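Listed here are the chains, written in short residue letters.
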Amino acid sequence: MSSTEQFDVVDIIRAKRDGGEWEEAQIAWVVDAYTRGVVAEEQMAALAMAIFLRGMNRREIAQWTRAMIASGSTLDLGTLTKRTVDKHSTGGVGDKVTLPLGPLVASFGVAVPQLSGRGLGHTGGTLDKLEAIAGWSPEMSTGRMREILEDVGAVVAAASADLAPADRKLYALRDVTATVDCIPLIASSIMSKKIAEGTSGLVLDVKVGSGAFMREVDSARELARTMVDLGTNAGVATRALLTDMEVPLGRTIGNALEVREAVEVLSGGGPVDVRELTCTLARAMLEIAGVPEADVEAALDGGRAMDTWRRMVIAQGGDPEAPLPTARHTHEVRAEHEGYVDRLDALALGVGSWRLGAGRARKEDAVQAGAGIELHVDYGQRVVPGQPIATLHTDTPERLDRALESITPGIRIGEEPPAPRTLVHDVIS
């Protein structure tokens with residue numbers, strides 16, 4: 001340890017390894033020292049594993065989150081004349097709700113600043129989806145972001161590299177050290193960025209099921225409670241919804257396919273579950289922003305949300321009239337026997353879409369805008385032999401066999417209709 005450093009990182013690792021609690025000064029120092037490069041990657045890897053195994057209490061998580069925020073700059077949206085509210089999803093298969101949700105909420109005079117990222121693994125990120133639109137770009141200055149929020153009300157921008165840089169660095173390390181699915185680290189990662197973003201209100205969509213970080217409702221509830229407390233204590237009005245991710249959301253998985261479906265929702269149509277979740281989250285966001293009793297369904301059906309969508313796309317350089325990319329090759333999956341669709345496993349279908357080219361294994365990988373899966377049936381639907389179940393889309397047909405290895409066992413047809421699906425399991429506020 002340098003004589004100018006306040007602590008020895010080995011002592012801090014040892015303390016957590018042995019089940020101890022950290023003092024605030026220790027947390028502040030270790031996050032700052034890691035950001036500065038004083039704490040080596042292998043030392044932070046050991047620290048992350050100690051947290052994974054031993055946990056952190058609520059006080060430590062709050063202090064860790066504050067230290068992550070302090071590692072970089074914060075965004076000041078206080079000059080806007082509109083109330084700000086954002087939404088964050090913990091990630092799910094076919095989750096395109098951010099696309100119609102921002103314009104829908106913004107159509108009621110609320111600013112929705114959405115700082116998003118690209119996907120890694122079996123699900124594409126919001127930026128990957130929107131980049132399927134010709135000309136659209138998430139890159140902009142903070143000043144330009146404020147202009148769009150004031151004028152249009154909704155923006156989807158790439159998160160700045162100096163917004164909670166400690167989290168950016170730590171997340172990459174967690175991804176390669178089997179420490180991603182750790183509630184203290186997930187909660188502090190999400191909330192450090194959202195608090196630094198400067199929004200005054202936040203609705204969290206915490207996914208639970210096979211296609212989510214959290215497979216069990218109890219774990220998802222603990223994560224939601226932790227994040228709501230972090231937001232509330234930081235002065236951000238925060239609410240969380242626990243929503244289903246056993247089954248993919250909607251009927252499409254893949255970038256351009258999901259944009260198409262989002263536009264259908266903005267046109268007053270789209271799959272029932274996507275529309276329902278969009279409206280549920282919109283009502284929660286508008287309540288936080290001081291716009292209760294908003295008729296969000298009317299805003300979708302009457303075209304008001306679509307007008308805002310078009311203005312948002314144009315403001316970010318995109319052409320809302322341009323045709324979306326389509327894959328060069330398709331393959332149809334058909335029902336082999338009569339029955340009811342009693343399994344559409346979100347993880348299996350997400351991995352299948354990724355194998356078709358819709359996702360990336362490494363952050364530098366390119367994605368195929370047109371790749372993915374288009375479902376032709378809903379969970380619980382009765383089917384007959386030969387009926388189309390899904391269409392697979394890819395530019396590289398040599399990917400089909402590997403994709404089918406995941407997709408085929410993820411779709412099951414049983415003799416009896418399954419129990420009805422619950423879309424929203426709980427609300428935490």
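Treat the numbers as computed from the prediction; the structure is a model and nothing was measured.

> Would you take a moment to explain the domain arrangement of the protein chain for this structure?
In many reports, interface size means the accessible area that the parts give up when they come together. For the protein chain, the assigned domains are domain 1 (9-55), domain 2 (85-316) and domain 3 (329-414). The straight-line distance from the C-alpha centre of domain 1 to that of domain 2 is 30 Å. Counting from both sides, the interface comprises 12 residues of domain 1 and, opposite them, 12 residues of domain 2. Summing both partners gives a buried area of about 1,000 Å² for domain 1 against domain 2, and 77% of it is carried by carbon and sulfur. The interface formed by domain 1 and domain 2 includes zero salt bridges. Along the contact surface separating domain 1 from domain 2 lie one residue pair in polar contact (both at pLDDT 80 or more). Only α2 (24-36) and α3 (41-54) provide two or more residues apiece to the side of domain 1 that touches domain 2. For the side of domain 1 that touches domain 2, the leading source of residues is α3, giving seven residues.

> What is the right way to read the environment of M145 from this model?
Turning to its location among the elements, M145 is positioned in helix α7 (residues 142-151). In sequence terms M145 and A315 are 170 residues apart; their C-alpha atoms lie 9.8 Å from each other. If near-sequence neighbours (up to four positions away) are discounted, M145 is found in contact with L75, P113, L115, M140 and V155.

> What exactly am I supposed to notice about the sheet that holds strand β8 (residues 339-344) here?
The strands that make up a sheet pair up through hydrogen bonds in the backbone, lying either parallel or antiparallel. Strand order across the open sheet formed by three strands is β10-β8-β12, with antiparallel pairing between neighbours. On the outer flanks of this sheet lie β10 (382-383) and β12 (411-414), each paired with one strand and no other. With four bridges joining them, β8 and β12 adopt antiparallel strand pairing. The residue of β12 that forms the bridge with V341 is I413. Against the sheet, helix α16 (residues 400-410) touches β8 and β12, its axis set at about 30 degrees to β12.

> Help me out: how do you make sense of the pattern of salt bridges in this one?
If the charged atoms of two oppositely charged side chains come close together, the side chains can form a pair. Scanning the model with the defined rule gives 32 salt bridges in all. Among the ionic pairs, D18 bridges to R17, the shortest N-O distance being 3.0 Å. Since its relative accessible area comes to 48%, D18 is described here as partly exposed. In this structure, E197 and K194 form a salt bridge, with 3.3 Å as the shortest nitrogen-oxygen distance. You'll find E197 and K194 in the same group, each marked buried. Members of the salt-bridge network, linked through shared partners, are E5, D32 and R36.

> Teacher, can you tell me more about the side chain of T179 here?
Topologically, T179 is positioned in the loop between α8 (165-175) and α9 (183-196). A distance of 3.0 Å separates a polar atom in the side chain of T179 from a polar atom in the side chain of T177. Not counting the four nearest positions on each side in its chain, T179 is found in contact with A48, M49, F52, R174 and L185.

Criteria and cut-off values
Residues numbered from 1 in each chain as written. Predicted model: local features only at pLDDT ≥ 70, side-chain atom pairs only at ≥ 80, totals over all residues. Heavy atoms only, no water. Domains from an automatic or database assignment. Contact = heavy atoms within 4.5 Å. Buried area = accessible area lost by both parts, 1.4 Å probe. Salt bridge = Lys/Arg side-chain N within 4 Å of Asp/Glu carboxyl O. Polar contact = N/O pair within 3.5 Å; in protein donor to acceptor, adjacent residues only side chain to side chain. Helix = DSSP H or I, 4+ residues; strand = E, 2+ residues; numbered from the N terminus. Pairing = 2+ DSSP bridges. Axes fitted to C-alpha atoms, helices over the stretch in contact; angles between N-to-C directions. Buried < 20%, exposed > 50% of the residue type's maximum accessible area, 1.4 Å probe, protein only.

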